[in-house]
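The lines below spell out each chain.
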Amino acid sequence: MPIRITLSVLAIALLVAPSLVPTARAQDTGMPAGHAMPMTGKTAAPDLSRERGSDAGLFVARISSGVEPIEINRLHRWTLHVDGADGEPVLGAVITIDGGMPMHDHGLPTAPRVTEERGGGDYLVEGMKFQMPGHWTVTFTIVADGGEDRVTFDLML
Ligand SMILES: [Cu+2]
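What you are looking at is a predicted structure, and each value in this text was computed from that prediction instead of being measured.

### Here's the deal with the overall build of the protein chain
- For the protein chain, the helix and strand inventory stands at 1 helix and 9 strands.
- When the helices and strands of the protein chain are listed from N to C terminus, the series reads α-β-β-β-β-β-β-β-β-β.
- Each of the 157 residues in the protein chain was classed as buried or not, and the buried ones make up 15%.
- Within the protein chain, residue pairs in contact and separated by at least 24 positions form 54% of the contacts whose partners lie at least 6 positions apart.

### Overview of unusual backbone geometry
- Of the consecutive residues Glu68 and Pro69, the connecting peptide bond is found in the cis state with omega at -5°.
- Position of Pro69 relative to the elements: it lies in the loop between strand E2 (59-65) and strand E3 (76-84).
- Its identity as a non-glycine residue notwithstanding, Asn73 has a phi of 65°, on the positive side.
- For Asn73, the position within the fold is in the loop between E2 and E3.

### Quick word on the sheet that holds strand E4 (residues 94-101)
- Pairing within the open sheet is antiparallel, and its 4 strands lie in the order E5-E4-E8-E9. Two strands bound the open sheet, and with one partner strand each, they are strand E5 (106-107) and strand E9 (147-156).
- Pairing of E4 with strand E8 (residues 135-144), which is carried by 7 bridges, proceeds in the antiparallel orientation. If you follow Val94 over to E8, its bridge partner there is Val143.

### Overview of the sheet that holds E2
- The strand order across the open sheet formed by 5 strands is E1-E2-E3-E7-E6, and the pairing between neighbours is antiparallel. Looking at which strands have only one partner, the edges of the open sheet turn out to be strand E1 (51-53) and strand E6 (113-119). On average, adjacent strands in this sheet sit at an angle of 25° to one another, irrespective of strand direction.
- In terms of strand pairing, E2 meets E3 through 7 bridges, oriented antiparallel. If you follow Ser65 over to E3, its bridge partner there is Trp78.

The rules behind these values
- Residues numbered from 1 in each chain as written.
- Predicted model: local features only at pLDDT ≥ 70, side-chain atom pairs only at ≥ 80, totals over all residues.
- Helix = DSSP H or I, 4+ residues; strand = E, 2+ residues; numbered from the N terminus.
- Buried ≥ 20, exposed ≤ 12 C-beta atoms within 10 Å, placed from the backbone.
- Contact = placed C-beta atoms within 7 Å.
- Pairing = 2+ DSSP bridges.
- Axes fitted to C-alpha atoms, helices over the stretch in contact; angles between N-to-C directions.

Set out below in structure tokens:
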């Protein structure tokens, strides 16, 4: 009965396979894989650096907070510094800010905005506030001579 044998081999394979698949997957994605740099940035451990390149590489942005370390539930200011890909400060940019907690599916509790351009590529950001600890992202959309691009910072508070 070759057919019966084939079927029972299949049945065994199906019983064994599900227990093998999750193991293989866990090794593939390897969530906290040491200090490996995530390529997509969203599912792996976040890169917490305060200086980052924009998505399309038009700008390099650097944030500094007026309160360090950043405190929960405290309204504070940031300075955003923007350079072009050539390393020259970006002047006269129009910058908007968005953010939130990706794991909680909510945005920022405030509507922070750039209130002053301070020269030399520095922009004053007022209205920053985070109302709970955890993983936050803050995205700046930067429009300048070179075009429009977005840069996202990850914070663990
Ligand atoms: Cu939250």
